[in-house]
Each structure stands twice: as structure tokens, then as C-alpha cells.
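Examining the three-dimensional arrangement
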Amino acid sequence: MEARDWRQEQERLERVRNELHARIAELEPEVAGLHDQASEIRKRFWEDLSINTSTTEDFEDTFYSVQQQSMMLAERERGHRRLVQQWNGMKRLLPSPYFARVDFQEDGLNESEQVYIGVSSFVDNEGLNFLIYDWRSPIASLYYDFPPGRASYVTPAGRIDGKMMLKRQFQIQNGHIRTMFDASETIGDELLQQVLSKDADSQMKSIVATIQKEQNAIIRNDKSRMLIVQGAAGSGKTSAALQRVAYLLYRHRQTIRADQIVLFSPNPMFGSYISTVLPELGEENMQQTTFQEYVENGLGSSLRSEDPFDQIEYTLTAQGEPGYEARLQGIAYKTSEAFLKALQNYGRWLGREGMRFIDIWFRNRVLITAERMSAKLYGFDSSLPLYSRVVLLQEWLLDELASLERKERGAFWVQEELNYLDNEQYAEVFDMLHKERELFDLSEQYTVVRELMNNKRRGDEGDVDFAQQEEELILRSIVKRSFKPLRKSVRTFSFVDIKGIYGQLFGDETTYREKTNESIIPAQWSEICRQTKDMLSRNELLHEDATPYLFVKELVEGVRTNTEIRHVFIDEGQDYSAFQYEYFKKLFPRARMTVLGDFGQAIFMQSTNLEASDSPLIRLFGEADTSLVRLVRSYRSTREIVEFTKSLLPGGDEIVPFERRGPKPLLIRLNGVQKRDAQILEDIALLNAQGFASIAVITKTAAESREAYESLRIQGGEGLQHITRETLAFEKGVMVIPVYLAKGIEFDAVLIYNASPEAYGWDHERKLLYTACTRAMHRLQLYTTGDWSPFVQALPANLYEKEPC
Ligand SMILES: Nc1ncnc2c1ncn2[C@@H]1O[C@H](COP(=O)(O)OP(=O)(O)OP(=O)(O)O)[C@@H](O)[C@H]1O
């Protein structure tokens with residue numbers, strides 16, 4: 001590149017930076033000023049309000065003035081947030097304002113425009129010219145999608161065609177251009193080479209400067225309700241997902257907020273690994289959760305569900321134990337669409353008979369029996385769905401409780417309690433009554449309104465009448481307080497015996513068939529039933545029962561839908577069952593879905609093939625509303641590592657490595673565990689000395705991880721981290737980790753602790769080994785103290801080095 005180009009670019013960079021500096025300084029007082037104003041309003045919020053609730057009109061006035069005041073506050077806060085965002089955006093741009101330039105001449109125009117692309121937009125002082133375009137703007141797509149020559153991009157108003165005259169990439173640090181090249185390929189490999197050669201980090205990085213064309217298509221896909229991405233290990237699925245979130249937040253900034261996007265990740269540690277990408281791009285993080293967290297939320301505190309790691313640990317370690325085969329059959333069945341259908345039929349059956357309820361107790365006596373509830377439920381119009389009838393039953397129960405509560409006021413124990421109130425308690429109750437009066441007892445109001453609407457009035461009460469005798473008020477309050485837990489439990493459907501309802505499914509084959517219409521039942525059904533009920537009796541659920549249990553709960557109580565969420569992202573999508581996908585669809589009825597996964601890494605029993613023609617995922621929204629994208633280029637690992645790992649997988653030959661070279665994977669056989677562990681420690685030291693700071697010793701299971709960690713420590717391994725499912729944050733360093741927790745994460749070097757046939761011998765263990773090896777970016781070493789796993793033995797010898805030879 002010519003010196004003149006360098007000079008011109010450096011001069012332009014300085015001009016842009018000067019302008020950025022000036023604008024930041026200009027905004028500064030405004031940012032501070034607005035902040036003060038907003039906190040002043042917040043402070044004065046209550047002072048300025050006169051709360052008067054003596055009459056309905058006063059209540060309304062108060063209500064409106066609270067609303068007005070809070071709207072004003074919200075407006076100020078929004079204004080402030082916008083300004084701060086702008087200000088932060090400019091500060092973020094300052095050290096490295098842009099990473100690319102394309103010169104584009106639109107057809108029909110005489111001049112080309114210089115389009116500089118950075119992490120956010122920056123417009124000149126007059127507001128006329130973009131000095132920097134946001135990477136998500138339509139025109140920036142040119143950079144990702146085309147080499148120089150004919151090119152086009154799509155705007156909301158239609159397609160713009162033209163010619164790209166120049167495509168230039170920059171690496172700018174602290175205001176200086178470090179490297180600059182003109183690219184001929186879509187995105188120059190040089191820049192990607194440099195980025196990929198870097199060391200692993202404890203946090204994932206953003207890839208905006210080097211997004212590849214096929215990734216850009218994922219990021220900007222706005223077409224379908226369901227976007228499925230099947231991509232090889234290291235092909236940038238997670239990266240593309242996060243840039244897609246940033247894109248959606250930009251493209252739909254008027255309608256979608258960060259908290260309306262939720263990403264399901266495989267474990268909490270992974271959540272911490274990816275948590276900095278969006279803030280780095282100037283966006284707020286989306287919601288992040290794990291399916292397990294969702295399940296636990298739905299189950300509440302009364303039942304504990306086994307987590308997916310307990311399940312995989314069992315499937316990997318309990319071979320040969322009694323009940324093992326039945327458990328595997330149970331997992332396969334309970335995660336299938338067939339079981340989902342069976343449960344839907346069960347819902348219909350429950351609509352006719354068999355519902356189970358729990359008596360409502362009060363002070364050692366039954367107030368309302370389960371039989372009465374059952375009779376009431378089946379007395380409602382049978383054409384109503386079950387959950388609607390359960391809601392009617394709930395309303396009836398609340399009314400019943402209200403009338404029982406009124407009767408209870410005359411009970412002996414209430415009088416007793418009143419007599420025993422000491423001064424302090426009395427003052428407390430009185431105080432409470434007073435407060436209730438001031439704050440306008442909403443629940444009382446609600447009851448009154450509802451009763452008025454139902455055209456009935458309570459005989460013993462007028463409208464809210466606070467002038468009643470104090471004693472009467474206190475009596476009421478005593479009863480009300482002791483009925484409160486009952487009302488609460490009715491509101492949360494505690495009167496429905498969901499555990500019994502789910503449990504009664506697991507009876508003998510004939511009754512199961514009757515309830516569900518199911519024709520094909522797993523061979524070891526009775527053992528499956530035993531295992532399920534055994535767990536239920538301890539208030540526990542097997543992992544594979546958790547989603548079906550919630551499904552049944554929602555058949556009965558209605559679905560806990562979340563209509564706020566507009567986009568659901570599911571990473572490691574191959575690990576979810578057909579059943580779970582149906583559940584996602586129900587939970588988030590207004591959301592679009594992006595599912596990213598790799599069937600090559602399907603290590604859980606309930607895995608779903610994302611792209612097979614009969615994939616339940618494609619059926620979920622139908623083919624017309626589904627886009628399927630395949631990523632076959634792998635960016636994480638060196639060419640040598642990818643050649644090795646892709647050969648572990650049948651069908652892996654379509655995976656294309658990125659041209660980054662390194663040493664071949666190393667196979668190291670040692671005589672005995674002690675020698676192996678000593679060698680591993682030596683190798684770790686060597687790798688550290690070569691500058692590799694992030695190293696993982698990967699084991700098959702958590703049990704093996706524990707052993708390896710202890711054994712390596714005894715041999716002098718210091719500073720090793722032992723990663724378990726409880727580990728929340730991911731820290732750079734040397735760690736011992738089971739493969740299923742290393743999913744989605746990457747390391748400079750990976751050492752496979754035990755690559756013997758005992759560890760990776762069965763066919764279902766092949767993908768475990770593949771997943772483990774594909775975590776490596778620069779170095780991969782496998783160890784054994786005996787034979788090699790058959791999957792390794794089957795590899796062509798030119799794909800690795802051996803030690804000793
Ligand atoms: N376009 C790109 N530019 C720079 N780096 C990239 C690009 N695409 C992927 N990478 C890098 O490749 C590595 C793997 O990416 P990522 O973790 O997103 O892949 P993945 O498909 O989710 O992998 P896995 O299935 O193994 O979890 C990361 O270090 C990421 O930064």
C-alpha cells in the first residue's frame with residue numbers, strides 16, 4: 001500500500017477523532033445536568049404528591065398525579081439514557097473508530113461514497129454526513145457480503161445496486177493505524193488470520209470486524225419465525241448468535257428491548273463466558289438463563305428436579321447397574337413426541353375423570369374436601385377446557401373461603417386471640433388497619449367491585465366502611481390474617497394435586513393405555529414406573545420427567561406464557577428434546593426462535609437432530625416459516641486440529657478448516673497413571689512457557705475430573721482450577737473440567753486426560769471425544785496409559801504425532 005494512502009487515512013482518522021473529542025466535551029455538561037435533574041425529581045417524587053384516598057374521586061386524583069409524575073420522571077430518564085448512550089458510544093469509538101472502509105458507487109450516480117464502518121454510527125456536526133456507519137446499518141452489509149466489484153445491499157426501501165471500488169480493512173489502536181490492507185476476498189483472510197491466532201480469553205470476543213458472509217446471513221435473517229443453524233464445532237454459531245442479538249436491538253430499536261430477548265445457554269459458566277460481548281458492542285445484555293433454571297422456577301420449592309448433568313453422569317457411569325437399561329428407555333420415551341401426544345390425550349382424559357385435589361385444612365380441620373372440589377369441577381360445563389374449569393374452581397374456592405372466613409369471625413379462638421392481644425400487638429394491628437385505610441384496601445375494593453359486577457352484595461357488609469367499631473375491625477383482621485395463607489395457596493393452585501396427577505400415569509400398562517391412548521409402550525415400562533414413582537415419593541424428579549411434569553401442570557392450570565419475549569435463542573440446540581421444543585413454543589407464543597447447534601456434539605440422550613428432514617424442529621413452525629443455515633467452516637482450531645477432529649466423526653469430511661497452521665495433535669502413551677499425570681504436569685509447564693495461558697485437562701465425567709484433579713495436585717500441580725457444575729465464572733488458567741461443562745468454551749491447549757477405550761469406546765461416546773477435542777484452538781494432546789480409544793485408532797496415522805514414537 002502506498003505511503004500516500006497511509007498518510008491520508010491517518011489524517012482522516014485524526015479528523016474524526018478530533019470531532020469525537022469535541023462532541024464528547026460538548027455533551028459532557030448536558031449528561032451530568034440531566035442526571036442531576038432526574039435524581040432531583042426522583043427525590044421530590046413523594047414530597048410533591050398529596051396522597052388522598054378518602055373517597056373514590058380522591059383516590060383517582062391521587063392515582064393520576066402519581067401516574068403523571070412517574071411519566072415525567074420516565075421521560076427525563078429516557079432522555080438521559082439516550083444521551084448517555086450517545087456519549088458512551090462516542091467514547092467507545094475514540095480509541096478505534098472504525099475497522100473497515102468500502103467505496104461504493106451506486107448505479108446512476110457519478111461519485112462513489114466512502115463508507116467507514118465501526119461499532120456505532122457517528123454523524124458530522126451538521127448531521128448530514130456519516131463519518132462512521134454502524135456495522136449493522138444496511139450499507140455496511142456490503143463489507144461482509146461482497147468482494148470489490150458489482151455489489152448490492154438491501155434497505156427497507158428496496159435493493160441498491162452499484163459497484164464497490166475499494167474494500168479496506170484497518171486495525172486501529174489508541175488512535176493509530178496499526179495495520180491496513182485492501183482486501184480482494186469477501187473479508188480478507190489476513191485480518192482473520194491475525195484475530196484467530198490470538199490466545200483464548202476468559203470471555204468471548206465480538207467478531208464484528210471479521211464476520212463472514214454466511215454468518216452475516218444468520219445475523220441479519222429477518223424472514224422466518226424459526227432460524228435453525230447447524231454448524232460444525234468452532235464455526236461461529238455462538239458468535240453469530242450474539243452479533244444477531246446486537247443486530248436485532250439495532251434494527252428493531254423502536255420495538256424490541258434487550259430484556260425481550262432471552263438466550264438459553266448450557267450452563268451458568270457459559271453465561272459468564274459470553275456476558276461481555278454485547279456490552280462491548282454498546283448494547284445491553286439480553287436475558288440469559290438455563291433450561292434448568294426455568295424448570296426450577298416452574299416447579300417451585302416443593303419438588304427438586306435432577307439437573308441434566310446428574311443425568312449424563314448417570315448415563316455415562318452406571319452401565320451394568322440394575323435399572324440402567326430401563327432408565328435409558330425411560331429417557332428416550334419421556335423426551336419423545338410420542339410421550340407428548342400421550343400427555344395431550346391424558347389431558348383430555350382428565351377433562352372427563354381422574355383429577356386429584358388436596359383437602360384444604362384450617363386449624364386442624366378440613367374446610368373443603370378434595371371430593372367437593374372434584375364434584376364441583378366435573379359439574380362445570382364440560383365443553384370448557386380443563387384449565388378454564390380449574391380456574392372456575394379456583395374462583396369458587398376463593399368465594400367459599402370468603403364466606404367461611406366471615407363465619408369464622410364468631411369462632412371462639414378469634415375472641416380468645418383478641419383478648420390476649422397485648423398493648424403492643426394491639427397497637428400494631430391498629431396501626432396496620434390505619435395504614436390499610438390510607439392506602440385504600442385494594443383487595444377489599446376488588447371484592448366489592450367483583451360482587452357488584454356479579455350483582456350480588458354481601459349481606460353483612462356495606463361498601464368499604466371504616467367507621468365500624470374498632471373491635472369488629474380487629475376481629476376481622478385476625479381472621480383475615482389467618483385465612484391469608486389459604487387464599488394465597490388457592491391462588492397458586494396448591495389445591496391441585498399435580499404430583500398425584502403426574503404420578504398416577506405411571507401405573508400398569510393397561511391403565512396407562514386407557515388414560516393416554518398410547519399404543520407403543522417401552523418394553524421395561526414397569527421398571528420405568530418404579531423409578532419415576534420412587535423419585536416422586538422423595539419429592540424429586542428425574543431430569544427427563546421435569547418438562548413433562550411442567551407440561552401436565554400447565555394442562556391443568558393453564559400455561560405460564562411469556563408474551564413479552566420477542567426472540568428466543570437456544571445455544572447448543574442439539575441438547576434439547578423434541579418435547580422441550582414444544583414447550584418453548586408454548587412458553588413464548590409471540591417469540592421468534594433462533595436455534596444453534598451441532599449434531600456432531602450431541603452428547604445427551606435426548607438430543608435432537610437439527611437439520612434432518614424429519615426433525616421435530618422443522619415441524620415446530622412448519623417448513624415455510626423455517627430457515628435452515630449450515631456452517632461448515634471451522635474457525636476455532638488450527639487446520640491440523642480440525643483435520644484430526646473431523647475424522648473422528650462419520651460425515652465429518654464436509655467440515656472445512658480455516659487455513660491457520662500449527663503442530664499436529666500429539667498422542668502420548670505412558671506406563672501407569674502416575675507417569676501419565678507427571679507428564680501432563682510437565683506438558684502444562686511447557687505450554688505455559690510457550691505462552692499458552694488457557695489450558696484445559698478434559699475428562700469424560702465429573703467423577704473422573706475429581707480424580708484427575710486430586711491426582712495431579714498430589715503430584716505437585718499447583719494453581720489448577722477444578723471446574724464443577726457449581727462453578728459460575730470462567731477464569732483463564734489451567735483447569736480440570738468434564739467435557740459436558742466445556743461445551744461452547746475454548747482453550748489455547750486441550751489435554752485429553754484419558755483417551756482409552758474404557759473412556760471412549762461405545763459409539764455414543766464418540767461425540768464426547770469429538771466435543772472435547774474441538775475445544776482446542778492451538779494445541780491438542782491426548783493421553784492414555786493403555787490402548788487408544790477405537791475412534792483414535794481408526795484415524796489415519798498422518799493426522800497426528802505419537803510419543804514415544
Ligand atoms: N468471523 C469470525 N471472525 C473472527 N473469529 C471468529 C469468527 N467466527 C468464529 N470466530 C471465532 O471462532 C471461535 C469459535 O466460535 P464460536 O464459539 O462462536 O463457535 P461455535 O460454533 O459456537 O462452536 P462450538 O459449537 O464448538 O461451541 C471463537 O473464538 C470465535 O471468536
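Just so you know, these numbers come straight off a predicted model, no measurement behind them.

Observations regarding the overall build of the chain
Helix and strand content of the chain: 29 helices and 26 strands. Classification of the 805 residues of the chain by burial places 36% in the buried group. Taking contacts inside the chain between residues at least 6 apart in sequence as the whole, the part at least 24 apart equals 73%.

What to know about the sheet that holds strand 23 (residues 734-738)
Strand order in the open sheet formed by seven strands is 22-23-21-24-25-20-26, with parallel pairing between adjacent strands. The open sheet terminates on both sides in strands that have one partner only, identified here as strand 22 (721-722) and strand 26 (801-803). Where strand 22 and strand 23 come together, two bridges link them in parallel fashion. Along strand 23, the bridge assignment pairs Gln 721 with Met 735. Across the face of the sheet, helix 27 (residues 702-714) comes into contact with strand 21 (695-699), strand 22 and strand 23 while running at roughly 150° to strand 23.

Some points on the site of the ligand
Close to the ligand lie 23 residues, the nearest being Thr 210, Gly 236, Lys 237, Thr 238 and Ser 239. Counting only elements with at least two residues in the shell around the ligand, the list comes to helix 4 (189-197) and helix 6 (237-251). Taken together, the residues that form the shell around the ligand break down as seven nonpolar, eleven polar and five charged.

Regarding the packing of helix 22 (residues 543-557) against helix 23 (residues 578-587)
Closest axis-to-axis distance for the helix 22/helix 23 pair is 10 Å, and the angle between their directions is 40°. Between helix 22 and helix 23, the crossing angle belongs to the class labelled oblique. Along this stretch, helix 22 crosses helix 23, giving a crossing that reads as left-handed. Each of Thr 547, Pro 548 and Phe 551 in helix 22 lies in contact with helix 23, whose residues at this interface are Phe 579, Gln 580 and Tyr 583. Residue composition of the contact of helix 22 with helix 23, grouped by class: four nonpolar, two polar and no charged.

A closer look at the nonpolar core
Membership of the largest hydrophobic core comes to 171 residues, with the highest contact counts inside it found for Ile 117, Val 245, Ile 698, Val 750, Ile 752 and Cys 773. Element by element, the count of residues in this core is highest for helix 6, at eight residues. Leave out the neighbours within four places in its chain, and Ile 117 touches Tyr 98, Phe 99, Ala 100, Tyr 133, Trp 135, Ala 140 and Tyr 143.

So, the UniProt feature "binding site: ATP" (unreviewed entry) in the chain
When the UniProt feature table is mapped to this numbering, "binding site: ATP" (unreviewed entry) covers Gly 231, Ala 232, Ala 233, Gly 234, Ser 235, Gly 236, Lys 237 and Thr 238. Here Gly 234 lies in the loop between strand 8 (226-231) and helix 6. Contacts of Gly 234, omitting those with residues within four sequence positions, involve Ser 634, Tyr 635, Arg 636, Ser 637 and Thr 774. As for its position among the elements, Lys 237 is in helix 6. Assessed through the 26 C-beta atoms surrounding it within 10 Å, Lys 237 is described here as buried.

Considering helix 6
With 15 residues, helix 6 extends 20 Å between its outermost C-alpha atoms, agreeing within 8% with the 21 Å of an ideal straight helix rising 1.5 Å per residue. The element helix 6 is extensively covered by neighbouring structure, given that 13 of its 15 residues are classed as buried.

Digging into the confidence of the model for the chain
The predicted model of the chain averages 88 in pLDDT, with 89% of residues at 70 or higher. Note that pLDDT drops below 50 for residues 456-464; the model gives that stretch nine contacts with residues more than four away or on any other chain.

Looking at the packing of helix 11 (residues 324-334) against helix 22
Look at helix 11 against helix 22: their axes get within 9 Å of each other, and the N-to-C directions meet at 30°. In terms of their interaxial angle, helix 11 and helix 22 are classed as roughly parallel. Crossing of helix 11 over helix 22 shows left-handed handedness. Across the interface between the two elements, Gly 330, Ile 331 and Lys 334 from helix 11 touch Glu 544, Asp 545 and Pro 548 from helix 22. When its residues are assigned to classes, the contact of helix 11 with helix 22 shows two nonpolar, one polar and three charged.

Let's talk about the sheet that holds strand 8
Pairing is parallel across the open sheet formed by six strands, whose spatial order is 10-9-15-16-8-17. The open sheet has two edge strands, strand 10 (287-289) and strand 17 (626-631), and neither has a second partner. On average, adjacent strands in this sheet sit at an angle of 15° to one another, irrespective of strand direction. In terms of strand pairing, strand 8 meets strand 16 (residues 592-597) through five bridges, oriented parallel. Bridge pairing in strand 16 links Met 226 to Met 593.

Concerning the pairing of strand 4 (residues 130-134)
The buried fraction of strand 4 amounts to four of the five residues, a majority that puts the element mostly inside the structure. Here strand 2 (residues 113-118) pairs with strand 4 via two bridges, running parallel. Paired with Ile 117 across the two strands is Tyr 133, which belongs to strand 4. Summarising the sheet, strand 3 (residues 122-123) and strand 4 pair through two bridges and their orientation is antiparallel. Bridging from a neighbouring strand, Val 123 pairs with Phe 130 of strand 4. Two successive antiparallel strands, strand 3 and strand 4, enclose a turn made up of six residues, where Gly 127 displays a positive phi of approximately 75°.

So, the environment of Leu 73
Positionally, Leu 73 belongs in helix 2 (residues 56-93). In this structure Leu 73 comes out as partly exposed when scored by C-beta crowding, with 16 C-beta atoms within 10 Å. In sequence terms Leu 73 and Ile 565 are 492 residues apart; their C-alpha atoms lie 25 Å from each other.

Structural notes on the pairing of strand 23
The buried count for strand 23 comes to five of five residues, which makes it a mostly enclosed element. Side-chain alternation along strand 23 places Val 734, Val 736 and Pro 738 on one buried face and Met 735 and Ile 737 on a second face that is also buried. Here strand 21 runs beside strand 23; their pairing, made up of five bridges, is parallel. Counted as the bridge partner of Val 697 is Val 736 from strand 23.

Examining unusual backbone geometry
In the Ramachandran plot, Phe 493 falls in the positive-phi region, its phi being about 60° despite a non-glycine side chain. Although it is not a glycine, Asn 517 sits at a positive phi angle of roughly 65°. Looking at the element boundaries, Asn 517 is found in the loop between helix 20 (509-516) and helix 21 (525-537).

Here's the deal with the environment of Tyr 635
For Tyr 635, the location among the structural elements is in the loop between strand 18 (633-634) and helix 25 (639-646). Separated by 23 residues in the primary sequence, Tyr 635 and Phe 658 place their C-alpha atoms 5.6 Å from one another.

Calculation notes
- Residues numbered from 1 in each chain as written.
- Predicted model: local features only at pLDDT ≥ 70, side-chain atom pairs only at ≥ 80, totals over all residues.
- Helix = DSSP H or I, 4+ residues; strand = E, 2+ residues; numbered from the N terminus.
- Buried ≥ 20, exposed ≤ 12 C-beta atoms within 10 Å, placed from the backbone.
- Contact = placed C-beta atoms within 7 Å.
- Pairing = 2+ DSSP bridges.
- Axes fitted to C-alpha atoms, helices over the stretch in contact; angles between N-to-C directions.
- Near = placed C-beta within 6 Å.
- Nonpolar A, V, L, I, M, F, W, Y, C, P; charged D, E, K, R; others polar.
- Parallel < 35°, antiparallel > 145°, perpendicular 65-115°, else oblique.
- Left-handed = near helix turned anticlockwise from the far one by under 90°.
- Core = buried A, V, L, I, M, F, W, Y, C linked by C-beta atoms within 7 Å.
- UniProt positions renumbered as here; feature names shortened; annotations may be inferred.
- Expected span 1.5 Å × (residues − 1).
- pLDDT = per-residue confidence, 0-100.

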